[in-house]
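Results of the structural survey
Each chain, letter by letter, is given below.
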Amino acid sequence: MNELKLNEEYDKFRHGIEILMKPPEFSVATTPSQIVYTEDKMKLIHYIPAVAKTHAVPILIVYALVNRYYILDLQPDKSVIKKLLEEGFDVYVIDWGYPSGSDRYLTLDDYVNGYIHNSVEHIKEKCGLDKITLLGVCQGGTFSIMYSALHPENVQNLVTLVAPVNFDSNKGILNLWAKGLDVDKIVDYYGIVPGDFLNSAFLLLDPFRLMIDKYVGMFERIECNPEDTTSQIRNEDYIKNFLRMEKWIFDSPDQAGETYRQFMKDCYQKNLLIKNEMMLNGKKINLKNITMPVLNVMAEFDHLVPTDASIPLADAISSTDKDTLVFPTGHIGIFVGSKSQKEVCPKIAAWLKPRSFLNGNGNVKAGSVKKELPKLVTEKTESVKEERSKLAKEKTLEHNIKKRKPKVNKK
Amino acid sequence: MNTEVNIKGKNMDKSNLESTQEFYDQWVNMYKATMGKLVEMPAVGPSREKSEKMMKGVSTFVNLFAAGMDTSSNLQKVFMEAMQKVQEKIPADMDGDISPEKYKEFYDIWIQTYSDTFKDFAKSGHFTSDLGKLNAHLMDFQKYNREMLEENYLKPMNMPTKTEIDEINKELYTLKKTVKELARQIKELKENK
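Here the structure is a predicted model, which is why all the values come from computation and not from measurement. (Residues numbered from 1 in each chain as written. Chains lettered and ligands numbered in written order. Predicted model: local features only at pLDDT ≥ 70, side-chain atom pairs only at ≥ 80, totals over all residues.)

1. Here's the deal with the overall build of chain A
- Helices and strands together make up the secondary structure of chain A, namely 15 helices and 14 strands.
- Considering chain A as a whole, with its 411 residues, one finds that 42% of them fall into the buried category.
- Of all intrachain contacts in chain A linking residues separated by at least 6 positions in sequence, the fraction that spans at least 24 positions is 79%. (Helix = DSSP H or I, 4+ residues; strand = E, 2+ residues; numbered from the N terminus. Buried ≥ 20, exposed ≤ 12 C-beta atoms within 10 Å, placed from the backbone. Contact = placed C-beta atoms within 7 Å.)

Shown next, in the form of structure tokens:
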């Protein structure tokens, strides 16, 4: 028995190495798109619509400066972007590119009032609209909140996904660490803050899981049935999926120093944004200027942006049409987890559809939205409870099965 | 030696590392009281500027070294705490012949315990303070090294330095921003015609 089990473990490892040695080809960001606007290193990407007639108001997705936007289009069956296209939306994404030495002096103002604003203006002009929908993700969500407060006239709907607005949270380890950092010394030395520097902080959040167990788990998932071709295909697919995620995690662009400085100091250390005290280019960001419909989407088990970093947005803004959705998943799971395609995207789409009408002048039709609002907040509480109990049951069941039936090699 | 120390309210045996830590603490204190003062003395004479800069490097390094020792000592305590917890959790039948199942069971206990213990520590003020200090001293040290490299090697060899490149980058950034603003104004004027 022992020898059999040992052989199985060895076979898994050998199979894993064999698959890796063949270099499996994998790609990311495969949804068809074209670049419609560029400015410095920033590119505005427009996705080819998946349906003949799209909803009138296009969506501009603003991703974080940390890591790359393609987590939203990691692979065809795990793509928030593809799903939104299939739901009939016209989708644009900002690709921030990879900042280099010449970008070290770019400020937060350049990102928000420069790149985001110019992208919005470009889409408005292209589509002949007065307003568009902003969908901000993580730090990109914070940027979108800033933009919506400074240019509310351009934003029809604001959707924030795992976006922090209150940085005074003790639940997020990053929030705690950031308070003790001498940001000036970091920026003054590096200029452009290396992506690897930030990545090392992310790895430190749970080094044993992220640097050891993840890779042990990869080999454990390998199936060892050399005669079963479907298991070989499953193995290869699994490794490809693993490598896609691995690529995304370590594809970390460097950060423009001055932007990093202001974001860390004003947001993480002084928490100025939620207090309406943050300034961009001499102009105060007043969250009360946000009057458009707002959907705030959070992940219950988010260890990077805990829910209490996002929840206060609702009270800080003037919008009367505002909803909150919490999904029982994590910071990354909300984009690529099983719930992402089945629940997160459809619910965002359901919220956006009735708010994406135009009137006869090509402007967003006022007052056309309220009647069709789905009651998402109530639904959320119930769905979260259901999900949690389902998840707990599944876990217990899985645990019991594992305990009772140890896997046996079918050789 | 079997005295006890307390980490976040949890008792554990005092490790040898603590004695090492005590030694380094004493060493740093001694350094600051003697050699450190000598090193930080104002320099005189024709090469005073260069000498002073060079000597600053010693203090910068000592600060980094002390911060590194604090951090590694605290980390070591966490590892020891985790190791002790693992020992407590390992079932008695782990002794003797280790089967792959038992090995896997051990691995699961080990990874879970180490992960949980480290995560707890990462949330503590100790770690936040250690990380902040270590990082600040590392930045000081690296900045100092770069300054020395520029001062003593690149400049005498007429090579471009990072400082000079940064100046050009800043100039370029300002120019680009001005051009963008002018382009925007021209566009606006054209549209208003």
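2. A look at the confidence of the model for chain A
Residue and element names in this part refer to chain A.
- Overall, the prediction assigns chain A a mean pLDDT of 87, with 86% of residues at 70 or greater.
- In the predicted structure, residues 365–385 sits below a pLDDT of 50 and forms 25 contacts with residues beyond four places in sequence or in another chain.
- Low confidence marks residues 394–411, where pLDDT is under 50. Its contacts with residues over four positions away, or in another chain, come to six contacts. (pLDDT = per-residue confidence, 0-100.)

3. Points about the sheet that holds strand E13 (residues 294–299) of chain A
Residues and elements named next belong to chain A.
- Spatially, eight strands are ordered E1-E2-E6-E3-E7-E8-E13-E14 in an open sheet, and the strand pairing comes out mixed. Sheet topology places strand E1 (33–39) and strand E14 (322–327) at the edges, where each strand pairs with a single neighbour. Taken pair by pair, the neighbouring strands of this sheet meet at an average axis angle of 20 degrees, ignoring direction.
- Note: strand E2 (residues 42–47) against strand E6 (residues 91–95), four bridges, orientation antiparallel. (Pairing = 2+ DSSP bridges. Axes fitted to C-alpha atoms, helices over the stretch in contact; angles between N-to-C directions.)

4. Notes on the nonpolar core
- Ranked by internal contacts, the top residues of the largest apolar core, which has 105 residues, are Leu60, Ile61, Leu72 and Val91 of chain A.
- Top contributing element to this core by residue count: helix H3 (residues 108–127) of chain A, with seven residues.
- Not counting chain neighbours up to four residues away, the residues in contact with Leu72 of chain A comprise Ile61, Tyr63, Ser79, Val80, Ile81, Val137 and Phe335 of chain A.
- Membership of the second largest hydrophobic core comes to six residues, among which are Ala82, Tyr114, Phe118 and Phe127 of chain B. (Core = buried A, V, L, I, M, F, W, Y, C linked by C-beta atoms within 7 Å.)

5. Some thoughts on the pairing of strand E7 (residues 132–137) of chain A
Residues and elements named next belong to chain A.
- When you tally the buried positions in E7, you get six out of six residues, the bulk of the element.
- Relative to E7, strand E3 (residues 59–62) runs parallel, the two being bridged by four bridges. Within the sheet, the bridge partner assigned to Ile61 lies in E7 and is Leu135.
- Sheet analysis places E7 next to strand E8 (residues 155–161), joined by six bridges and oriented parallel. Note that in E8 the partner of Thr133 across the bridge is Asn157.

6. Regarding the interface of chain B and chain A
- Taken together, the contact between chain B and chain A spans 26 residues of the former and 29 residues of the latter.
- Within the residue set of the side of chain B that touches chain A, elements represented by two or more residues are helix H4 (100–123), helix H5 (125–154) and helix H6 (162–192) of chain B.
- Ranked by residues supplied to the side of chain B that touches chain A, first place goes to H5 of chain B with ten residues.

7. Regarding the environment of Val179 of chain B
Residue and element names in this part refer to chain B.
- Among the structural elements, Val179 can be located in helix H6.
- With 10 C-beta atoms counted inside 10 Å, the residue Val179 sits in the exposed group.
- Along the backbone, Val179 and Pro160 are 19 residues apart, and their C-alpha atoms lie at a distance of 27 Å.

8. Looking at the environment of Gly257 of chain A
All names here are of chain A.
- If you trace the backbone, Gly257 turns up in helix H10 (residues 257–269).
- Taking the C-alpha atoms as reference, Gly257 lies 36 Å from Ile239; in sequence the two are 18 residues apart.
- If we skip the residues at most four places from it in the chain, Gly257 touches Arg104, Val187, Tyr190, Gly191, Ile192 and Val193.

9. Quick look at the pairing of E13 of chain A
All names here are of chain A.
- Within E13, six of the six residues are buried, which leaves the element mostly enclosed by the surrounding structure.
- Burial along E13 is two-sided: the residues Val294, Asn296 and Met298 and Leu295, Val297 and Ala299 are all buried.
- As paired elements, E8 and E13 share four bridges and run parallel to each other. If you follow Leu161 over to E13, its bridge partner there is Val297.
- With six bridges joining them, E13 and E14 adopt parallel strand pairing. If you follow Val294 over to E14, its bridge partner there is Lys322.

10. Here we look at unusual backbone geometry
Residues and elements named next belong to chain A.
- Despite not being glycine, Asn67 has its phi angle at roughly 60 degrees, a positive value.
- Residue placement: Asn67 occurs in the loop between E3 and strand E4 (73–75).
- The exposure class assigned to Asn67 is buried, which follows from the 21 C-beta atoms found within 10 Å.
- The phi dihedral of Cys138 falls on the positive side, at around 55 degrees, and the residue is not glycine.
- As for its position among the elements, Cys138 is in the loop between E7 and helix H4 (139–150).

11. Notes on the domain arrangement of chain B
Residues and elements named next belong to chain B.
- Examined at the domain level, chain B breaks down into domain 1 (4–159) and domain 2 (160–193).
- The C-alpha centroid of domain 2 is placed 44 Å from the C-alpha centroid of domain 1.
- On the domain 2 side, the residues contacting the five residues of domain 1 number four residues.
- Within the side of domain 1 that touches domain 2, the residues separate by chemical class into two nonpolar, no polar and three charged. (Domains from an automatic or database assignment. Nonpolar A, V, L, I, M, F, W, Y, C, P; charged D, E, K, R; others polar.)

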